[in-house]
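# Inside the fold
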Amino acid sequence: MYLPRDLITKLYVHLQNTRHPLSPPVLILTALEPDSLCACRILTRLLKHDYIPHKIHPVAGYADLNRAGQELVSPMKETKGGSGGVVVCLGVGGMIDLGTTLGFESDDEPLDFGGVEVWVIDSRRPWDLHNVFGGYNLEPEAETSSSLQSRAPDGVVGGCINRSYKPGRGGIVVFDDGDIQETLSGERDAYLALLDMPETDGDDEGAFNDDTEDEDEDGENDIVNPLPGQKRKSWSDRDDESSEEDDDRPRQRRRSNSSTPIPEPARRPPQRGLIHLQESSLVPAEDAEETPSAQPPRGPSAKALRRKLQRMRITNRTILEKYYRMGSSYSEPVSAMMYWLASELGREDNDLLWLTIVGVTSTELYGRSSAGLAVSTRSSDARTVNGWMGVRGSRMRQLLRDEVRRLNPPEIGSGNGKVMSAAESAGIIPTTGRSPEDTGIRLSPEPKFLLIRHWSLYDSMLHSPYLFSRLRIWSESGMKRLHKLLAKMGVSLVQCKQSYTHMDMMLKKELRTKLLKYASLYNLDDMVPAAETDARDRGGAKDGWGFVRSWGWRATLSAQDVGVVIGALLEVGKANTAIGEDGRIKPTQSQELEEDSSAAESEEWVSRFWEAYDALEDIDSLKAGLPTAQYLHRAIFRTGTSLIGKRQIKHLHAFRMCVIKDGPDVPLFTHPAALTKLALWIGEALAEQEKDAAGKLAHGGRGTPLVVASLNEKRGVYVVVGTGGGGGPDTSFLDQEAQKEKKYAKEAKAKERNLRRESKEKIKEEKRAARRAAGYDDDDEDETESEGSDSDDDSDSDDDDEDEEKRSRRGYGMNKFGVAFQDVTAETGARVRIDSFEHCVVEVRKEDLSGFLESLSMKAVVG
């Protein structure tokens, strides 16, 4: 089931009214990422305000999620002695069938939620359609409600929850950010059509052969699609393949050769059990009525009906298959959804707003866009990707800027009475609060430097991925360009290597002006956001301006600073670094795993979650994490410079590839998120190289896809991540109005087609009556009906071309590495483990990497 955005408070209000301090706690399952962590902080604030008990359980991957289902969720079921309750999944489980993963359905037991209600808030796409349009207990079968759709709970229509729905009876509820209603209408119709479609004997592919037998005697080719309350079988029969590792991942539709389940790209929705297709099962009502002729009119033969039914089934399955294979992408951040809930409840304040801003900002640090994990293209053209979700992301940031102005009214200047802050009026990057009690949020003209308030200007520019790619800092000539830029700005190396907070005040005041003056000479047009008086600002919208918050005089940090620190705490861990004798941060021995197992590694990652969780609301812990963030980005700079400078990046057929297997920083990049940051860093530099060589970005403006593999020597595996290379045009949201017009045109066309069909049916019926009255034989009537049904199918196919074009346009430029990884695993038999919630991150056995990459190079990884 899915909850529309305009009803987002419905379930929470019911929770308020039915829970008290002695009720069973709400279980919160959260992913180990900054966005989900911020969303968890927002949700716990709401629950604490309403005195609702809750328990937080971080999960590192699918193995942890499966264990949480067995140990925490299953005991909550009323059928197992529990009292029911609510489970909230933040950034977890949106892409897999949670019915099997959390233990609501098994091989031996039918689907039974036992009073447990699961809320799914996830930004990863594609959705698992079982969660979206299914995920509920069926009502008892009655004479008037035998179909599965009619047996849905009251208040659920077509998988959509409406205002009459009564929560608390259990089920899976997906929180819709608007995408389900706007973009999944075709997939919804296909899923629901398959839901109650009767089954026939024989293979679907054999349906088009004229010599297909009506029924197999042995029944071996029967297609069995059980009820939603029963076990659902995979389309393939690979569930019993041999294994070299324990299967601790959730049961999926498809498995790799290492018995590690991989989410099935095209899952079959639950359907009715196998039935015998009668001649009257699909006969229109008007054909069944008596006619004035001596004998009743004959409907289409069973063979013709079977062929039509099989065509419909294959068409609908193809729609679902294409949706799952469209590629991975991201939608609205989880923290933004939680802030929307708080806003609808009237609970928004500065603390929740800041958590939302940090969560949204962190998504760009990890390259999340409407095209999956990709390098963000930066351009003044509004029709290209800008940030985490292109045009939609720009709108989100503008809404956040409006919220900042609403909750933090600016001071009134003493000069001309204009409302502005001192930092905004002078264009200075704020580094201190306005007063000892200042905890407000401000807009700031943040340059694309890294941790500038907590580093020197030189180090901040040196470790900026934006300057790294455009100045070619990995080379000696690139370093000279950086020094020349500083010299033209009138900043000496001695001054710029001081801490930024201790730099000369005049230099800091003039820094923005000088950066704007010389940026165009070095292809750095987007290095500094537009000034308030700039024509590009569009009336004070402050596009590109960042967010800054002060904690009195104790600290002032930008949202990007906090996102960088929180990410470093999750990926490296504060306890895993120490100060060396030379003053540099060095990893301690505890960073290396003592046990050669993924379980020990995931436990270590979970322990880091609590460090990051505490740091979000403890400024001292946040400041203590700054050295860890600096160490991580120094390692990224060193490794990226070495790979590019030594030409260790190979150009294969479909993507570029590099392998990290030696060096002091290799242990850092066994964490998927840290490796993703390195891949994005390198990918941005490669995109600029391609732009210089060809005058434009390759792959339709998205850059070459990149695969980076890092060796985990302790476990004997390579962690592999694939990035899409670039965002490309944000076609998902640029033409929304045009799509609405096409939708209205399509509805009008459908009405016209239905009228035309009714007219044809009347004409056919008159012809039949005339033939019978003339005494002609009706032996050939079945074939006529079959041909007529075929022509109707062809007409439907032609009319669906527009939907097909829309779906293909929606998948343009998406990251298809997740699908490609699954295909290669099935073809080559490589020992691959997919445990990360990011399906474009996998683990490959050390000895299987070369064959895996060779087969992967022939796959289409970007649409």
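Preceding this paragraph is the structure being described.
This structure is a prediction, so every number in the text was calculated from the model and none was measured.

Scoring rules and cut-offs
- Residues numbered from 1 in each chain as written.
- Predicted model: local features only at pLDDT ≥ 70, side-chain atom pairs only at ≥ 80, totals over all residues.
- Heavy atoms only, no water.
- Helix = DSSP H or I, 4+ residues; strand = E, 2+ residues; numbered from the N terminus.
- Buried < 20%, exposed > 50% of the residue type's maximum accessible area, 1.4 Å probe, protein only.
- Contact = heavy atoms within 4.5 Å.
- Areas by Shrake-Rupley, 256 points an atom, 1.4 Å probe, with all protein chains shown as cover.
- Expected span 1.5 Å × (residues − 1).
- Arc of directions from axis to C-beta.
- Core = buried A, V, L, I, M, F, W, Y, C linked by side-chain atoms within 4.5 Å.
- Phe/Tyr/Trp six-rings, centres within 6.5 Å; stacked < 30°, edge-to-face > 60°.
- Lys NZ or Arg CZ within 6 Å of the ring centre and 35° of its normal.
- Salt bridge = Lys/Arg side-chain N within 4 Å of Asp/Glu carboxyl O.
- 1 Å grid on protein atoms, 1.4 Å probe; cavity = no way out; pocket = protein on both sides within 12 Å on 5 of 7 lines; lining within 4 Å.
- Points joined across faces, edges and corners; volume = space filled by probe spheres on them.
- Right-handed = clockwise from strand over helix to strand, strands pointing away.
- Pairing = 2+ DSSP bridges.
- Axes fitted to C-alpha atoms, helices over the stretch in contact; angles between N-to-C directions.
- Parallel < 35°, antiparallel > 145°, perpendicular 65-115°, else oblique.
- Polar contact = N/O pair within 3.5 Å; in protein donor to acceptor, adjacent residues only side chain to side chain.

## Re the overall build of the protein
In terms of regular secondary structure, the protein is built from 30 helices and 25 strands. Out of the 863 residues in the protein, the part that is buried amounts to 56%. Partitioning the intrachain contacts of the protein with sequence separation of at least 6 by distance along the chain shows that 76% fall at a separation of at least 24. Carbon and sulfur atoms form 49% of the exposed surface of the protein, whose accessible area is close to 36600 Å².

## Considering helix H16 (residues 476–488)
Between the first and last C-alpha of H16 there are 19 Å, a value that for 13 residues agrees with the 18 Å anticipated at 1.5 Å per step. Here H16 has its buried residues at Gly478, Leu482, Leu485 and Leu486. An end-on view of H16 places all buried positions within 100° of arc, on one side of the element. The exposed residues of H16 that point more than 90 degrees off its buried face are Glu476, Lys480 and Ala487. Among the residues trailing H16, glycine 490 stands out with phi positive, at a value near 80°.

## Thoughts on the nonpolar core
Leu90, Val118, Trp119, Phe852 and Leu856 are the most contacted members of the largest nonpolar core, which has 208 residues in total. Residues contacting tryptophan 119, with those up to four places away along its chain left out, are Leu11, Tyr12, Leu15, Val86, Val87, Val88, Cys89, Val173 and Phe175.

## Let's talk about the packing of aromatic side chains
Enumeration according to the criterion identifies 16 aromatic pairs in this entry. Relative to phenylalanine 837, the ring of tyrosine 62 has its centre 5.1 Å away and its plane inclined at 85°; by these criteria the two rings are edge-to-face. Of this pair, tyrosine 62 sits in helix H3 (residues 62–73) while phenylalanine 837 sits in the loop between strand E24 (832–833) and strand E25 (841–845), placing them 775 residues apart in sequence. Grouping residues by exposure puts tyrosine 62 and phenylalanine 837 together as buried. Geometrically, the ring pair formed by phenylalanine 609 and tryptophan 610 is edge-to-face, given 5.1 Å between the ring centres and 85° between the ring planes. Its relative accessible area of 0% is what places phenylalanine 609 among the buried residues. Among the aromatic residues, those joined into a cluster by ring pairs are Phe468, Trp474, Phe637 and Trp681. Above the ring of tryptophan 340, the side-chain terminus of arginine 5 is found at 4.4 Å from the ring centroid. Taking NZ or CZ as reference, arginine 41 lies 3.8 Å from the ring centre of tyrosine 613, over its face.

## Considerations on the pattern of salt bridges
Counted under the stated rule, the structure contains 36 salt bridges. Where aspartate 50 meets arginine 347, a salt bridge forms, and the shortest distance between an N and an O atom there is 2.8 Å. Here the residue aspartate 50 occupies a position in the loop between helix H2 (34–49) and strand E3 (54–59), and arginine 347 occupies one in the loop between helix H10 (334–344) and helix H11 (350–365), the gap between them amounting to 297 residues. Assessed through its relative accessible area of 17%, arginine 347 is described here as buried. When salt bridges that share partners are traced, they join Glu33, Asp122, Arg124, Arg368 and Glu838 into one network.

## Details of empty space enclosed by the protein
Per the counting criterion, the structure on display carries ten cavities of 30 Å³ or more. Estimates place the volume of the largest cavity at around 540 Å³. In this structure, the largest cavity is lined by 37 residues; those nearest its centre are Ala60, His671, Pro672, Ser836 and Phe837. Of all the secondary structure elements, the ones that give two or more residues to the lining of the largest cavity are H2, H3, H11, helix H19 (559–571), helix H20 (598–615), helix H23 (672–694) and E25. The biggest single contributor to the lining of the largest cavity is H20, with five residues.

## Describing the pairing of strand E2 (residues 26–31)
For E2, the buried fraction is high: six of the six residues fall into the buried class. Across the two faces of E2 the burial is the same, with Val26, Ile28 and Thr30 and Leu27, Leu29 and Ala31 all buried. With H2 bridging E2 and its parallel neighbour E3, the resulting β-α-β unit is right-handed. Bridge analysis of E2 against strand E4 (residues 85–90) gives four bridges, and the strand direction is parallel. By the bridge assignment, leucine 29 is partnered in E4 with cysteine 89.

## Regarding the sheet that holds strand E20 (residues 650–651)
Spatial strand order, E20-E21-E22-E23-E25-E24: six strands in an open sheet with mixed pairing. Both edges of this open sheet fall to E20 and E24, since each of them pairs with a single strand only. Here E20 pairs with strand E21 (residues 656–660) via two bridges, running antiparallel. Counterpart to histidine 651 in the pairing with E21 is arginine 656. Helix-sheet contacts for helix H29 (residues 817–828) involve strand E22 (706–712), strand E23 (717–723), E24 and E25, and the interaxial angle to E23 is about 135°.

## Here we look at the packing of H19 against helix H22 (residues 626–645)
Between H19 and H22, the shortest axis-to-axis distance is 8 Å and the interhelical angle comes to 80°. Taken together, the axis directions place H19 and H22 in an arrangement best described as roughly perpendicular. Where H19 approaches H22, its residues Val564, Val565, Ala568 and Glu571 are matched on the opposing element by Leu626, Thr628, Ala629, Leu632 and His633.

## Topic: unusual backbone geometry
Residue proline 126 is reached from arginine 125 by a cis peptide bond, and omega for that bond is 15°. Positionally, proline 126 belongs in the loop between strand E6 (124–125) and helix H5 (129–133). Of note, tyrosine 51 is a non-glycine position whose phi angle comes to about 55°, a positive value. Here tyrosine 51 lies in the loop between H2 and E3. On the basis of relative accessible area, tyrosine 51 is assigned to the exposed category, the value being 63%. Its identity as a non-glycine residue notwithstanding, asparagine 523 has a phi of 60°, on the positive side. Residue classification places asparagine 523 among the partly exposed positions, given a relative accessible area of 36%.

## A look at the side chain of arginine 41
Mapped onto the elements, arginine 41 comes out in helix H2. In terms of polar contacts, arginine 41 uses its side chain to reach the side chain of glutamate 617, at 3.2 Å.

## Some details on the sheet that holds strand E17 (residues 555–558)
Pairing is antiparallel in the open sheet, where three strands are placed in the order E15-E16-E17. With partners counted over all chains shown, the strands left at the sheet margins are strand E15 (441–444) and E17, one partner each. Strand after strand, the sheet turns through a mean of 30° between neighbouring axes, direction not considered. Pairing of E15 with strand E16 (residues 546–551), which is carried by four bridges, proceeds in the antiparallel orientation. Opposite isoleucine 441, over in E16, you have arginine 549 as the bridge partner.

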